[in-house]
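Given next are the chains, with one letter for each unit.
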Amino acid sequence: PNKSRVTVVGSGNWGSVAAKLIASNTLKFPSFHDEVRMWVFEETLPSGEKLSEVINRTNENVKYLPGIKLGKNVVADPDLDHAVRDANMLVFVTPHQFMEGICRKIVGKIREDAEAISLIKGMEVKMEGPCMISTLITEQLGINCCVLMGANIANEIAVEKFSEATVGYRQNKEIAEKWVRLFSTPYFMVTAVQDVEGVELCGTLKNVVAIAAGCDLLMLFLPFYFLKHFQLLFLSNGEFGTDSTGFVDGLEMGNNTKAAIMRIGLREMKAFSKLLFSSVKDNTFFESCGVADLITTCLGGRNRKCADAFARNGGKRSFDELEAELLQGQKLQGVSTAKEVYEVLNHRGWLELFPLFTTVHEICIGHLPPSAIVEYSEHTPKFS
Ligand code: NAD
Ligand code: 13P
């Protein structure tokens, strides 16, 4: 009688895979209704058919996840109000820039006892400061919101390759365990930690590092930049000696350089997260949502792919153009997140503490050509 009803809000690449994972479990556990409703942002395909109709006819999201059966109990629904109305478990998984509008549309139209989880990597920056997407959901809809992040390239999970993920929860462990049960499968291992902000910031910020990692030219020049800006920071932490040639030596070795970008990026992710929320726990960075997601995204994600193309074109083709060409309707999160992070850093006077985040944004907006990063650093105030 008290079965939970799940709706997935979003049906992109990860949204479709999330629906597939969930649908396999709602069939298995009697505590859930079998049917999983999936809200589809409707579009007309080149064939003239509506995407939601094709999904319901073929059981495949032919645009965002072709070739994968979602499960017969996944029902695509283009009507947002209708899709969320009866659900008491709402899974939000859209590109982050659309969430504010979606929340505005469904305010007052969801069940009072609804619980939410956000799989969205990104944040909003408002006059008052940064706002994580889970907070946006809680504030706008008045419901509790957990998060699920991790090393989760959707296409790999779609073909059931083993992955891990992290659920972040605020207080209610029972709710977190319910989400873990809903998502866990033998090939998708989910762990819960009590650190919503830490988990969500890991997922959000690693997209900025992935842009740096994908940018071959950026990788070539960044070590000089960091050398100039980080020497004092490294020395003060006792992690580096005065012999800084290790950076330069790394230039010959792509994997070492990429590892350096990941390490410095992880360090900035941790510093930024802790400056924003003192509650963020160190251990969170060792969960799937932390170092593991950073690695997989820097090696194989969409942000990395587009940044690679951007650097190869010498910054002459915009990210918007490359996103449209290379991702075919899927969305990049790293470029807008770099801008949002930059706004926070600028507003708080922290730019110089975060040279990687800052540089990524400057390059993305074309103020800094990848190849000019060395000269640029000459004119930038030094960290002290
Ligand atoms: P996607 O990148 O495939 O995005 C496309 C989706 O956006 C489509 O469903 C499209 O219909 C929808 N859309 C386009 N315009 C819209 C509008 N105006 N309003 C609402 N929706 C619109 O989506 P995704 O891969 O499911 O990503 C969603 C979130 O999940 C992102 O925050 C992403 O970082 C995160 N994520 C993605 C992956 C992955 O491998 N794809 C893995 C983990 C997390
Ligand atoms: P991209 O958006 O760069 O593909 O990253 C996907 C992801 O978040 C993997 O966990």
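The structure under discussion appears in the preceding block.
## Quick notes on the overall build of the protein chain
Phase 1: When you go through the protein chain residue by residue, the secondary structure sums to 17 helices and 10 strands.
Phase 2: Every one of the 384 residues in the protein chain was classed for burial, and the buried ones make up 55%.
Phase 3: Summarising the internal contacts of the protein chain: among those between residues at least 6 apart in sequence, 73% fall at separations of at least 24.
Phase 4: Accessible area of the protein chain: about 16,500 Å², with a carbon and sulfur share of 53%.

## Description of helix α1 (residues 13-28)
Phase 1: Its 16 residues give α1 an end-to-end C-alpha distance of 24 Å, which sits within 8% of 22 Å, the value for a rise of 1.5 Å per residue.
Phase 2: Among the 16 residues of α1, 13 are classified as buried, and the element is accordingly described as predominantly covered.

## Brief notes about the environment of Trp14
Phase 1: Within the secondary structure layout, Trp14 lies in helix α1.
Phase 2: Separated by 25 residues in sequence, Trp14 and Trp39 place their C-alpha atoms 13 Å apart.
Phase 3: Those residues in contact with Trp14 that lie beyond four places of it in its chain are Leu21, Val93, Leu119, Leu148, Asn152, Ala154, Ile157 and Phe188.

## Brief notes about the site of ligand 1
Phase 1: The environment of ligand 1 is formed by 24 residues, the closest being Asn13, Lys121, Asn152, Ala154 and Lys331.
Phase 2: Lys121 has a polar backbone atom sitting 2.9 Å from an oxygen atom of ligand 1.
Phase 3: Here an oxygen atom of ligand 1 and a side-chain polar atom of Arg302 are 3.0 Å apart.
Phase 4: In the complex, 89% of the free accessible area of ligand 1, which totals 840 Å², lies under the protein chains.
Phase 5: When each cavity is represented as a set of grid points, ligand 1 is found to reside in the largest pocket.
Phase 6: For the shell around ligand 1, the leading source of residues is α1, giving three residues.

## Overview of the site of ligand 2
Phase 1: By nearness alone, every residue bordering ligand 2 is listed as Lys121, Gly150, Ala151, Asn152, Ile153, Lys206, Asp293, Thr297, Gly301, Arg302 and Asn303.
Phase 2: Here an oxygen atom of ligand 2 and a side-chain polar atom of Lys206 are 2.7 Å apart.
Phase 3: Within the side chain of Asn303, an N or O atom sits 2.7 Å from an oxygen atom of ligand 2.
Phase 4: Relative to its free-state accessible area of 310 Å², ligand 2 is covered by the protein chains to the extent of 92%.
Phase 5: When atom positions are compared with the pocket grids, ligand 2 is found to occupy the largest pocket.
Phase 6: Looking at the shell around ligand 2, the elements with two or more residues in it are α12 (288-300) and α13 (302-312).
Phase 7: For the shell around ligand 2, the class distribution of residues is two nonpolar, five polar and four charged.

## Some words on the sheet that holds strand β2 (residues 32-39)
Phase 1: The strand order across the open sheet built from eight strands is β3-β2-β1-β4-β5-β8-β9-β10, with neighbouring strands paired in mixed fashion. Each having just a single partner strand, β3 (74-77) and β10 (188-193) make up the two edges of the open sheet. When the angles between neighbouring strand axes are averaged without regard to direction, this sheet yields 25 degrees.
Phase 2: Taken together, the six bridges between strand β9 (residues 163-168) and β10 define a ladder with parallel strand orientation. Residue pairing in the sheet places Val167 in a bridge with Ala192 of β10.
Phase 3: Of the strands in this sheet, β1 (4-9), β2, β3, β4 (89-92), β8 (145-149) and β10 touch α1, which is tilted by about 170 degrees from β2.

## A few points about the packing of aromatic side chains
Phase 1: Tallied over the entire structure, the rule returns seven aromatic pairs.
Phase 2: Measuring from ring centre to ring centre gives 5.8 Å for Phe272 and Phe354, while their planes differ by 90 degrees; the resulting arrangement is edge-to-face. Here Phe272 is found in helix α11 (residues 254-276), whereas its partner Phe354 is found in the loop between α15 (334-348) and α16 (355-364), with 82 residues between them in sequence. Neither Phe272 nor Phe354 differs from the other in exposure class; each is buried.
Phase 3: Each ring, one from Phe354 and one from Phe357, has its centre 6.0 Å from the other, and the planes form 5 degrees; the classification is stacked.

## Details of the state of the cysteines
Phase 1: Using the criterion set out here, one finds zero disulfides in the structure.
Phase 2: In this structure Cys202 is a free cysteine whose sulfur lies 4.4 Å from that of Cys289, the closest cysteine sulfur available.

Rules used throughout
- Residues numbered from 1 in each chain as written.
- Chains lettered and ligands numbered in written order.
- Predicted model: local features only at pLDDT ≥ 70, side-chain atom pairs only at ≥ 80, totals over all residues.
- Heavy atoms only, no water.
- Helix = DSSP H or I, 4+ residues; strand = E, 2+ residues; numbered from the N terminus.
- Buried < 20%, exposed > 50% of the residue type's maximum accessible area, 1.4 Å probe, protein only.
- Contact = heavy atoms within 4.5 Å.
- Areas by Shrake-Rupley, 256 points an atom, 1.4 Å probe, with all protein chains shown as cover.
- Expected span 1.5 Å × (residues − 1).
- Near = heavy atom within 4 Å.
- Polar contact = N/O pair within 3.5 Å; in protein donor to acceptor, adjacent residues only side chain to side chain.
- 1 Å grid on protein atoms, 1.4 Å probe; cavity = no way out; pocket = protein on both sides within 12 Å on 5 of 7 lines; lining within 4 Å.
- Sits in = over half its atoms within 2 Å of the grid points.
- Nonpolar A, V, L, I, M, F, W, Y, C, P; charged D, E, K, R; others polar.
- Pairing = 2+ DSSP bridges.
- Axes fitted to C-alpha atoms, helices over the stretch in contact; angles between N-to-C directions.
- Phe/Tyr/Trp six-rings, centres within 6.5 Å; stacked < 30°, edge-to-face > 60°.
- Disulfide = S-S within 2.5 Å.

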